[in-house]
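Spelled out, the chains give:
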Amino acid sequence: MTLENKLTNEELEQVAGGHCGDSCADMKRAYERQMPGFENMDPLSMDTMVYCLENWDTVVGQLKDMFAQYGIEMTYKSDPLEDNLYMYQGRRITNGQAWQILDSQRNP
């Protein structure tokens, strides 16, 4: 992929309505860690942005499934002013804690 087909972070936020939210951040982290299903979803790629805009429910489903593999339940909040909800062993955790759990289980 050439540099001309990449979006800057500012362009990415504008396309996403000015607010990326937890799900876009999760997708970026999943791509950086080459998680199965996200290894080719470069969030700065125009192709990925178009795919996400056309298939957002599928992408959110992939994120939920990914977290579920590590015992984390993610509840997607479509309101850009609300954070997603992450639960682990019956207690609410932050997005950062969810990634710490995922990383610790992947790399014991």
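Residues numbered from 1 in each chain as written. Predicted model: local features only at pLDDT ≥ 70, side-chain atom pairs only at ≥ 80, totals over all residues. Heavy atoms only, no water.

### A few points about the pairing of strand β1 (residues 72-75)
Successive side chains on a regular strand alternate, one facing one side of the sheet and the next facing the other.
Here comes step 1: Burial of the side chains of β1 is restricted to one face: Ile72 and Met74 are buried, whereas none of Glu73 and Thr75 on the reverse face is.
Here comes step 2: Bridge analysis of β1 against strand β2 (residues 85-88) gives four bridges, and the strand direction is antiparallel. Bridge pairing links Glu73 to Met87 in β2. (Buried < 20%, exposed > 50% of the residue type's maximum accessible area, 1.4 Å probe, protein only. Helix = DSSP H or I, 4+ residues; strand = E, 2+ residues; numbered from the N terminus. Pairing = 2+ DSSP bridges.)

### A few points about helix α2 (residues 21-32)
Here comes step 1: Given a rise of 1.5 Å per residue, 12 residues ought to cover 16 Å, and the 17 Å separating the end C-alpha atoms of α2 matches this to within 8%.
Here comes step 2: Looking at the buried residues of α2, the elements they touch are α3 (46-54), α4 (56-68), β1, β2 and α5 (95-106). (Expected span 1.5 Å × (residues − 1). Contact = heavy atoms within 4.5 Å.)

### Describing the packing of aromatic side chains
Here comes step 1: If you walk through the whole model with that rule in mind, you get three aromatic pairs.
Here comes step 2: Ring centres of Trp56 and Tyr76 lie 6.3 Å apart, and the angle between their planes is 65°; on these two criteria the pair is classed as edge-to-face. Of the two residues, Trp56 sits in helix α4 while Tyr76 sits in the loop between β1 and β2, which places them 20 residues apart along the sequence. (Phe/Tyr/Trp six-rings, centres within 6.5 Å; stacked < 30°, edge-to-face > 60°.)

### Let's talk about the sheet that holds strand β3 (residues 91-93)
Here comes step 1: The strand order across the open sheet formed by three strands is β1-β2-β3, and the pairing between neighbours is antiparallel. Here the strands that pair on one side only, and so sit at the sheet edges, are β1 and β3. Direction aside, the axes of adjacent strands within the sheet are offset by 35° on average.
Here comes step 2: Contacts between α4 and the sheet are confined to β1 and β2, with β1 contributing the most and set at about 160° to the helix. (Axes fitted to C-alpha atoms, helices over the stretch in contact; angles between N-to-C directions.)

### Here's the deal with unusual backbone geometry
Here comes step 1: One non-glycine residue, Gln34, lies in the positive phi region at around 55°.
Here comes step 2: The residue Gln34 is located in the loop between α2 and α3 in this model.
Here comes step 3: The phi dihedral of Gln89 falls on the positive side, at around 50°, and the residue is not glycine.
Here comes step 4: In this fold, Gln89 is placed in the loop between β2 and β3.

### Notes on the nonpolar core
Here comes step 1: Judged by nonpolar contacts, the single largest core of 21 residues is most densely connected at Phe38, Met66, Phe67 and Ile72.
Here comes step 2: Of all the elements, α4 adds the most residues to this core, at five residues.
Here comes step 3: Aside from chain neighbours lying at most four places away, what touches Ile72 is Phe67, Tyr86, Met87, Tyr88, Ile93, Ala98, Ile101 and Leu102. (Core = buried A, V, L, I, M, F, W, Y, C linked by side-chain atoms within 4.5 Å.)

### A closer look at the confidence of the model for the protein
Here comes step 1: Overall, the prediction assigns the protein a mean pLDDT of 83, with 81% of residues at 70 or greater.
Here comes step 2: When pLDDT is averaged over each element of the protein, β3 comes out on top at 96 and helix α1 (residues 9-15) at the bottom at 49.
Here comes step 3: Low confidence marks residues 12-19, where pLDDT is under 50. Its contacts with residues over four positions away, or in another chain, come to 11 contacts. (pLDDT = per-residue confidence, 0-100.)

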